[in-house]
Amino acid sequence: MATGLKGKDILHVKDLSSDEIQLIMETAARFEKVMDSGGRLLNMDGKVLATLFYEPSTRTRLSFETAMMRLGGQVISVAEAKTSSSAAKGETLFDTGKMIEAYADVAVIRHPVVGSAKELAQGSSKPVINGGDGAGQHPTQSLLDLYTILKEKGSLDGLTIALAGDLKNGRTVHSLSMLLSNFGVSFYFVSPQALSMPAEISGLLEKSDIQVKETRDLAEAVSSSDVLYMTRIQKERFEDATEYERLKDSYVVTSDIINKAK
């Protein structure tokens, strides 16, 4: 609370300060320790989470709903929101935000359009969490990835991290690269030319003096990296099906690749 997280929307990783990121990591570790010991968490007792999913999801939706229940709260949910909610009747996301604030204490949205989470938040007085907006951002996934890397490696200092696959449309790599830029890591960006990291993100990293090497060679990156972060080639982001077919098998992690790992 001292860092201003209470009541705060989580829409983009750039909204989080280094202190807030550290607080989230420490809190996650504390919660995990309680759960592993068989304890119960009641931090969200009496609170309601609304999940609004306008795009297919299994892991993200269930992770949010499970987390709320593990924390003692309750969940109301609109799955397939594009067709089963009032959006089908023309309700805007701003209006949905106004409506949701009367029923829930916090909302999570996944939507295929970049900026959708921000529109919902503009209509709601209750905090909104971005569970993925098109090819934009996925801040909570990147926080989870950061936590995983910290657990596995013990520290982020001096790490080289390879991000591979669809870097153009992959909202997870957009968020993760920007989040990791707070910790002075270096990157390999591995992708086909047509799916390279957006210039906007590469430019922000460059301004932060983050070392980035772009390559098409996955084996080269793996041999020099401490962490390999793979993303799939996302069929649903392609307007041209033939382009997807051409690129879909660009990078496959095989035993041979792993045997070349650092």
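Before reading further, recall that the structure is shown in the block above.
The sections below set out a description of the structure shown in this document. (Residues numbered from 1 in each chain as written. Predicted model: local features only at pLDDT ≥ 70, side-chain atom pairs only at ≥ 80, totals over all residues. Heavy atoms only, no water.)

1. Remarks on the pairing of strand β4 (residues 128-133)
In terms of burial, β4 is largely enclosed, as six of its six residues are buried. Note that strand β3 (residues 106-111) and β4 share four bridges and pair parallel. Its bridge partner lying in β4, Ala 107 is registered against Val 128. On the question of chirality, the crossover connecting β3 to the parallel β4 by way of helix α5 (residues 116-123) is right-handed. (Buried < 20%, exposed > 50% of the residue type's maximum accessible area, 1.4 Å probe, protein only. Helix = DSSP H or I, 4+ residues; strand = E, 2+ residues; numbered from the N terminus. Pairing = 2+ DSSP bridges. Right-handed = clockwise from strand over helix to strand, strands pointing away.)

2. Notes on the pattern of salt bridges
For the structure on display, the rule yields eight salt bridges. A salt bridge links Glu 20 to Lys 8, with the nearest nitrogen and oxygen atoms 3.0 Å apart. Placement of the pair is Glu 20 in helix α1 (residues 18-36) and Lys 8 in the segment before α1, with a sequence separation of twelve residues. Taking relative accessible area as the criterion, Lys 8 reaches 23% and is therefore assigned partly exposed. Across the pair Glu 32 and Lys 151 runs a salt bridge, and its minimum N-O distance is 2.9 Å. Separated by 119 residues along the polypeptide, Glu 32 in helix α1 and Lys 151 in helix α6 (residues 139-153) bring together distant segments of the chain. (Salt bridge = Lys/Arg side-chain N within 4 Å of Asp/Glu carboxyl O.)

3. Some thoughts on the packing of aromatic side chains
Enumeration according to the criterion identifies one aromatic pair in this entry. Here the aromatic rings of Phe 187 and Phe 189 are separated by 5.5 Å at their centres, their planes lie at 40°, and the arrangement is tilted. Under the relative-accessibility criterion, Phe 189 is labelled buried at 2%. (Phe/Tyr/Trp six-rings, centres within 6.5 Å; stacked < 30°, edge-to-face > 60°.)

4. Some thoughts on the sheet that holds strand β5 (residues 160-164)
Whether parallel or antiparallel, the strands of a sheet pair through hydrogen bonds between backbone atoms. Taken together, the four strands give an open sheet; going across it, the order is β7-β6-β5-β8, and neighbouring strands pair in parallel fashion. Whereas interior strands pair on both sides, the edge strands pair on one side only; in this sheet they are β7 (212-215) and β8 (227-230). Put simply, the sheet's adjacent strands are angled 20° from each other on average, direction ignored. (Axes fitted to C-alpha atoms, helices over the stretch in contact; angles between N-to-C directions.)

5. A look at the environment of Glu 119
With respect to the helices and strands, Glu 119 occurs in helix α5. In this structure the C-alpha to C-alpha distance between Glu 119 and Asp 95, which are 24 residues apart in sequence, comes to 9.2 Å. For Glu 119, the residues in contact, after removing those within four places along its chain, are Thr 92, Leu 93 and Phe 94. (Contact = heavy atoms within 4.5 Å.)

6. Details of the layout of surface pockets
A probe as big as a water molecule, rolled over the atoms, marks out the empty space that is left. Considered as a void within the structure, the second largest pocket measures approximately 350 Å³ in volume. Residue lining of the second largest pocket: 19 residues in total, with His 12, Val 114, Asp 133, Gly 136 and Gln 137 positioned closest to the centre. Looking at the lining of the second largest pocket, the elements that each hand over two or more residues are α5, β4, α7 (171-180) and α8 (199-207). Residues belonging to the lining of the second largest pocket are distributed by class as follows: seven nonpolar, six polar and six charged. (1 Å grid on protein atoms, 1.4 Å probe; cavity = no way out; pocket = protein on both sides within 12 Å on 5 of 7 lines; lining within 4 Å. Points joined across faces, edges and corners; volume = space filled by probe spheres on them. Nonpolar A, V, L, I, M, F, W, Y, C, P; charged D, E, K, R; others polar.)

7. Examining the packing of helix α4 (residues 93-100) against α5
Running from amino to carboxyl end, α4 crosses α5 at an angle of 50°, the nearest separation of the two axes being 6 Å. With respect to α5, the element α4 is oriented oblique. Pair α4 / α5 crosses with right-handed handedness. For the pair formed by α4 and α5, the contact residues are Leu 93, Phe 94, Thr 96, Gly 97 and Lys 98 on the first element and Ser 116, Glu 119, Leu 120, Gln 122 and Gly 123 on the second. In the contact of α4 with α5, the residues fall into three nonpolar, five polar and two charged. (Parallel < 35°, antiparallel > 145°, perpendicular 65-115°, else oblique. Left-handed = near helix turned anticlockwise from the far one by under 90°.)

8. A look at the nonpolar core
Ile 161, Leu 163, Leu 180 and Phe 187 are the most contacted members of the largest nonpolar core, which totals 36 residues. At five residues, α7 tops the list of elements feeding residues into this core. Excluding residues within four positions of it along the chain, Phe 187 makes contact with Ile 161, Leu 163, Ser 177, Leu 180, Leu 205, Ile 210, Gln 211, Val 212 and Lys 213. Listed in part, the 14 residues of the second largest apolar core include Leu 11, Tyr 54, Ile 100 and Ala 104. (Core = buried A, V, L, I, M, F, W, Y, C linked by side-chain atoms within 4.5 Å.)

The values are spatial; any link to function lies outside them.
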